[in-house]
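Topology and contacts: notes
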Amino acid sequence: LAAVEGSRSGAAAPPGGFVPFKGDFDSSAFDGLDPINPGGPLDFFGVASTPEDLALLKVKEIKNGRLAMVAMLGFFVQALVTSEGPAANWGKHVADPFGYNFVTLTAIERTPVL
């Protein structure tokens, strides 16, 4: 792990290696590339062939990570509200969709008035 962090921070030269469809490469393949998201020989299918594409993919990756964090927050809040995990809640909702949902779980107990 220390070698990876050293390579990422620029303290050590990145290692060479082999990439499918591209073959062998040495550490000079990373010269002039971003140390955190290098691309280069690690871009197997040429998805980020231009700097503009790489910048766009970086933004998409950050947005995807933020969305995943919001989804996990939803799981945690659901577990706090219902005292059960997401699989148990989903099973109960599938068994009775109109009787076990957000509205019925958070509703205040009251008698309807006509």
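So, how was this worked out
- Residues numbered from 1 in each chain as written.
- Predicted model: local features only at pLDDT ≥ 70, side-chain atom pairs only at ≥ 80, totals over all residues.
- Heavy atoms only, no water.
- Helix = DSSP H or I, 4+ residues; strand = E, 2+ residues; numbered from the N terminus.
- Buried < 20%, exposed > 50% of the residue type's maximum accessible area, 1.4 Å probe, protein only.
- Contact = heavy atoms within 4.5 Å.
- Areas by Shrake-Rupley, 256 points an atom, 1.4 Å probe, with all protein chains shown as cover.
- 1 Å grid on protein atoms, 1.4 Å probe; cavity = no way out; pocket = protein on both sides within 12 Å on 5 of 7 lines; lining within 4 Å.
- Points joined across faces, edges and corners; volume = space filled by probe spheres on them.
- Nonpolar A, V, L, I, M, F, W, Y, C, P; charged D, E, K, R; others polar.
- Patch = residues over 30% accessible without salt bridge, like charges linked within 9 Å, V, L, I, M, F, W, Y side chains within 5 Å.
- Salt bridge = Lys/Arg side-chain N within 4 Å of Asp/Glu carboxyl O.
- pLDDT = per-residue confidence, 0-100.
- Expected span 1.5 Å × (residues − 1).

Of the regular secondary structure elements, the protein chain holds 4 helices and 2 strands. Seen in sequence order, the protein chain has helices and strands lined up from the N terminus as α-β-β-α-α-α. Evaluated residue by residue, the protein chain yields a buried proportion of 12% over its 114 residues. Put simply, 10% of the contacts in the protein chain that link residues at least 6 apart link residues at least 24 apart. For the protein chain, the accessible area works out to roughly 9,200 Å², and carbon and sulfur atoms hold 68% of it.

Here the focus is the layout of surface pockets. Counted as a void, the second largest pocket has a volume near 210 Å³. Together, Val77, Gln78, Val81, Thr82, Asn89, His93, Tyr100, Asn101, Phe102, Leu105 and Thr106 line the second largest pocket. Contributing elements (two or more residues each) for the lining of the second largest pocket: α2 (51-82), α3 (86-95) and α4 (102-106). Tallying contributions element by element places α2 first for the lining of the second largest pocket, with 4 residues. Class assignment of the residues belonging to the lining of the second largest pocket gives a composition of 5 nonpolar, 6 polar and no charged.

On the surface, Phe21, Phe44, Phe45, Val47 and Leu57 cluster together into a nonpolar patch covering about 580 Å² of accessible area. Residue classification places leucine 57 among the partly exposed residues on the basis of a relative accessible area of 32%.

On average, residues of the protein chain carry a pLDDT of 79, and 77% of them reach 70 or more. In the model of the protein chain, helix α1 (residues 2-9) stands out as the element of lowest mean pLDDT, 68, in contrast to α2, which has the highest, 90.

Owing to its 3.6 residues per turn, the α-helix aligns residues three or four sequence positions apart on the same side. Taking 1.5 Å per residue, 32 residues should reach 46 Å; α2 reaches 47 Å between its end C-alpha atoms and fits that length. Among the residues trailing α2, serine 83 stands out with phi positive, at a value near 60 degrees.

The next point concerns the environment of aspartate 24. Topologically, aspartate 24 is positioned in strand β2 (residues 23-25). The contact partners of aspartate 24, leaving out residues within four places of it in the chain, are Gly17 and Phe18.

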